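Inside the fold
The chain contents come next:
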Amino acid sequence: NSDPNYRSYLLPCGCERDIKVSAADNGIWVCRNCDAGYFERESNIYLIRFKTENFSWLKLGFSYSVEARIRDYKLTTPFTTEIVFLQQIENGLNALISEKEIHKRLKEYRLPKGLMKNFHSKSGYTECYPDGLEDKLLKEIKEVLKQYGKETENN
């Protein structure tokens, strides 16, 4: 690839692919030849508290690399983070299914997407919740993970 941001990598599945260097550094890849990728790899369900000077909120999601996901959100103002909950899940597909079920149960509590776009410039502005709803979120996370056979080890 002539783009200096890309390199050719040998993936764990054995296939070769051009991937953005920053994505490869974070272990983020999908193989188009054999469909290997984040659905098959270990993942994490997380609940993060974001704080800016004037506002704080909770973000629920899943990712192989929580640190990379935080960077991907590209918040528009200076912020701090606190990982409130982090649970490893055996694969990305189960993490996605669990996350969707949790969001379904908590839909009425979500912060408006328009409001959250003021803080998240690229992604992550959906599925955010008011700070202070931590106990309810943790209860639902633990119930869903138990339902799907993943006992919570943390928090």
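Our subject in this report is the structure included herewith. Not measured: the values here are computed from a predicted model. (Residues numbered from 1 in each chain as written. Predicted model: local features only at pLDDT ≥ 70, side-chain atom pairs only at ≥ 80, totals over all residues. Heavy atoms only, no water.)

Remarks on the pattern of salt bridges
Heads up, the rule is: The salt bridge definition used is simple: a Lys or Arg side-chain nitrogen within 4 Å of an Asp or Glu carboxyl oxygen. Each helix corresponds to a stretch of at least 4 residues labelled H or I by DSSP, and each strand to a stretch of at least 2 residues labelled E; elements are numbered beginning at the N terminus. The cut-offs for exposure are 20% and 50% of the maximum accessible area for each residue type, with area from a 1.4 Å probe on protein chains only; residues under the lower value are buried, those over the upper are exposed, and the others partly exposed.
In total, this model carries seven salt bridges according to the counting rule given. Here Glu-101 makes a salt bridge to Arg-105, at a shortest N to O gap of 3.0 Å. One end of the pair, Glu-101, and the other, Arg-105, are both in helix H3 (residues 92-105), four residues apart, so they sit about a helical turn from each other. The buried category is assigned to Glu-101, whose relative accessible area is 18%.

A few points about the pairing of strand S3 (residues 43-51)
Cut-off, in case you're wondering: Two strands are said to pair when DSSP picks up at least two bridges between them.
Counting buried positions along S3 yields eight of nine residues, so the element is predominantly enclosed. For S3 and strand S5 (residues 80-89), the ladder comprises nine bridges, and the chain directions are antiparallel. Looking at S5, one finds that Phe-50 is bridged to Thr-81. Both S3 and strand S4 (residues 56-63) contribute to a ladder of eight bridges, which runs antiparallel. Bridging from a neighbouring strand, Leu-47 pairs with Leu-60 of S4. Here S3 hands over to S4 after four residues, the two strands then running antiparallel side by side.

Quick notes on the nonpolar core
As a reminder, the rule being used: Take the buried Ala, Val, Leu, Ile, Met, Phe, Trp, Tyr and Cys residues and link them wherever side-chain atoms come within 4.5 Å; each set so joined is a nonpolar core.
One finds Ile-45, Leu-47, Leu-60, Phe-85, Tyr-129, Leu-137 and Ile-141 to be the most contacted residues of the largest nonpolar core, which totals 19 residues. Among the secondary structure elements, those contributing two or more residues to this core are S3, S4, S5, H3 and helix H5 (134-147). Per element, the largest residue contribution to this core is five residues, and it comes from H5. Formed by twelve residues, the second largest nonpolar core is a distinct cluster that contains Tyr-46, Leu-75, Leu-111 and Phe-119.

Overview of the packing of aromatic side chains
Inclusion rule: For Phe, Tyr and Trp, where Trp contributes only its six-membered ring, two rings pair if their centres lie within 6.5 Å, and the inter-plane angle classes them as stacked under 30 degrees, edge-to-face over 60, or tilted in between.
Taken as a whole and judged by the stated rule, the model has six aromatic pairs. Ring centres of Phe-55 and Trp-57 lie 5.5 Å apart, and the angle between their planes is 25 degrees; on these two criteria the pair is classed as stacked. The buried category is assigned to Trp-57, whose relative accessible area is 0%. Ring geometry for Trp-57 against Phe-119: centres 4.9 Å apart, planes inclined by 40 degrees, an arrangement best described as tilted. A residue pair is termed long-range when its members are at least 10 positions apart, and Trp-57 in strand S4 and Phe-119 in the loop between helix H4 (113-116) and strand S6 (128-130) qualify at 62 residues.

Points about unusual backbone geometry
In this structure, Lys-74 takes a positive phi of about 45 degrees despite not being glycine. Although it is not a glycine, Glu-127 adopts a positive phi angle of roughly 60 degrees. Tracing the chain through its elements places Glu-127 in the loop between H4 and S6. Its relative accessible area of 23% is what places Glu-127 among the partly exposed residues.

A few points about the packing of H3 against H5
The condition is simple: With axes taken as lines fitted to C-alpha atoms, and helix axes fitted only over the stretch in contact, angles between N-to-C directions fall between 0 and 180 degrees. Each angle is binned into one of four classes, with values under 35 degrees roughly parallel, values over 145 roughly antiparallel, values of 65 to 115 roughly perpendicular, and all other values oblique. Crossings are sorted by hand: turned counterclockwise from the far helix by less than a right angle, the near helix makes the crossing left-handed, and turned clockwise it makes it right-handed. In what follows, a contact means two residues having at least one pair of non-hydrogen atoms within 4.5 Å. For this scheme, ten residues count as nonpolar: Ala, Val, Leu, Ile, Met, Phe, Trp, Tyr, Cys and Pro. Four count as charged, namely Asp, Glu, Lys and Arg, and the remainder, Gly too, count as polar.
Their axes nearest at 9 Å, the elements H3 and H5 cross at an angle of 135 degrees. The angle between the axes of H3 and H5 places the two elements in the oblique class. Every pair of crossing elements has a handedness; the one defined by H3 and H5 is right-handed. Counting all contacts with H3, which are made through Ser-98, Glu-101, Ile-102 and Arg-105, the residues of H5 involved are Glu-140, Ile-141, Glu-143, Val-144, Leu-145 and Gln-147. Counted by class, the contact of H3 with H5 contains four nonpolar, two polar and four charged residues.

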